[in-house]
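Per-entry structural report
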Amino acid sequence: MKINGKISLGIVLVVFLVSCVPLKQYNELSKRNRMMEEEMVLVNQNNDRLNVQNKELSSELSRLKVKIASLLEDTTRLSRNNETLKYRLDELHKNYQEALAQLNGGGGDEDNAKLLAFLQKLQSDIQKREDDLMLAERELANKKRALLEAENELAEKSLALKTTKGSLTEAEKQMAAQTQRLLQLEEALKRKDQAMQDLKNKMTAALNGFSGDDLKVHMKNGLVYVSMEEKLLFQSGKYDVNAQ
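Figured I'd write up the structure that's included with this text. Just so you know, these numbers come straight off a predicted model, no measurement behind them.

Further remarks concern the overall build of the chain. Helix and strand content of the chain: 3 helices and 3 strands. Secondary structure elements of the chain occur, N-terminal to C-terminal, as β-α-α-α-β-β. Taken across its 244 residues, the chain has 27% of its residues classed as buried. Long-range contacts, defined as pairs at least 24 residues apart, comprise 74% of the intrachain contacts of the chain with a sequence gap of at least 6.

So, on to the pattern of salt bridges. For the structure on display, the rule yields 7 salt bridges. In this structure, Arg-77 and Asp-74 form a salt bridge, with 3.8 Å as the shortest nitrogen-oxygen distance. Highlighted residues: Arg-77 and Asp-74, both in helix H2 (residues 23–104), separated by 3 residues, approximately one helical turn. Among the charged side chains, a network of salt bridges with common partners joins Glu-60, Arg-63 and Glu-153.

So, on to the side chain of Thr-75. With respect to the helices, strands and loops of the structure, Thr-75 is situated in helix H2. By relative accessible area, Thr-75 is classed as buried at 10%. From its side chain, Thr-75 meets the backbone oxygen of Leu-71 in a polar contact 2.7 Å long. When neighbours within four sequence positions are excluded, Thr-75 is seen to be in contact with Leu-140, Lys-143, Lys-144 and Leu-147.

With that settled, consider the environment of Ser-79. Tracing the chain through its elements places Ser-79 in helix H2. In sequence terms Ser-79 and Leu-140 are 61 residues apart; their C-alpha atoms lie 7.0 Å from each other.

What follows concerns the nonpolar core. Within soluble globular proteins, side chains that are nonpolar generally end up buried alongside one another. Grouped together as the largest cluster of nonpolar side chains are 11 residues: Met-196, Leu-199, Met-203, Leu-207, Leu-215, Val-217, Val-224, Val-226, Met-228, Leu-233 and Phe-234. Elements with a minimum of two residues in this core: helix H3 (109–206), strand S2 (215–220) and strand S3 (223–229). Ranked by size, the runner-up nonpolar core spans 10 residues in total, among them Leu-85, Leu-119, Ile-126 and Ala-136.

This paragraph deals with the environment of Asn-47. Among the secondary structure elements, Asn-47 is positioned in helix H2. Owing to a relative accessible area of 8%, Asn-47 belongs among the buried residues under this scheme. Not counting residues up to four positions away in its chain, the partners in contact with Asn-47 are Leu-168, Ala-171, Glu-172 and Met-175.

Conventions used here
- Here the residue index of a chain counts from 1 through its sequence in written order.
- With the structure being a predicted model, the display of local features is reserved for residues of pLDDT at least 70 and the display and counting of side-chain atom pairs for 80 or more, all residues being used for whole-chain, interface and lining totals.
- The side-chain numbers reported here are obtained from all heavy atoms of the structure, hydrogens and water having been left aside.
- Strands are runs of DSSP state E lasting at least 2 residues, helices are runs of H or I lasting at least 4, and numbering of each runs from the N terminus.
- Each residue is assigned to one of three classes by its accessible area relative to the maximum for its type, calculated with a 1.4 Å probe on protein chains only: buried under 20%, partly exposed between the two thresholds, exposed over 50%.
- By definition in these notes, contact holds between two residues if any of their heavy atoms fall within 4.5 Å.
- The working definition used for a salt bridge is a side-chain nitrogen of Lys or Arg within 4 Å of a carboxyl oxygen of Asp or Glu.
- Side-chain atoms alone can form a polar contact between residues adjacent in sequence; in general such a contact is a pair of N or O atoms within 3.5 Å, and within protein one must be able to donate a hydrogen while the other accepts it.
- The term nonpolar core refers to a set of buried residues drawn from Ala, Val, Leu, Ile, Met, Phe, Trp, Tyr and Cys, joined through side-chain atoms within 4.5 Å.

Shape descriptors only; they carry no functional weight alone.
What follows is the structure, encoded as structure tokens:
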């Protein structure tokens with residue numbers, strides 16, 4: 001039986017390797033490490049998105065608070081203005097009734113003419129005051145409606161911000177946990193890699209008496225391989241493994 005080329009002792013070394021660094025476990029750790037890194041990227045992206053959303057909602061809340069403060073100020077001012085308009089309108093109605101009573105009570109033609117002119121002016125003022133009051137009440141109603149809508153929007157944004165902050169906190173906790181697990185996996189991989197390196201060094205030291213050209217030790221895909229020339233294993237024309 002003649003063997004050409006170099007003989008790989010990978011099968012023999014797998015037996016040693018299994019006792020020190022199980023290949024399946026090593027591959028599983030590597031796979032989990034890659035998956036954790038991908039998950040970390042997704043968690044970071046989600047965390048960034050939540051941070052942006054949180055800033056946007058905070059800015060929106062600030063804007064709504066300013067808007068509500070302005071609407072409250074306008075509503076208060078319009079309410080006071082309406083009360084003043086109502087008071088003046090009541091005064092005009094009172095003056096009108098008094099002038100009308102004087103006119104109906106009789107008097108000279110000159111007095112009646114003056115009273116009639118005064119009543120016409122009062123009637124015009126009353127109409128103007130009523131128009132102003134109607135416009136002011138309409139504006140007040142619009143301000144109150146806008147204020148209610150802004151308050152409802154503020155409540156919705158506040159709830160959304162609270163939810164976002166909760167999600168952000170949860171995302172930060174998840175990221176911290178993922179980071180811890182990733183560090184643990186990296187440490188486990190480091191220990192496995194060190195075990196592989198130690199095994200290679202031991203194999204190299206054990207085979208130190210052989211020529212470097214005839215024997216080589218290297219790592220590949222989580223395994224330690226020893227390649228040697230066939231002359232080291234078999235005497236010429238023999239197929240029994242050399243005792244050395």
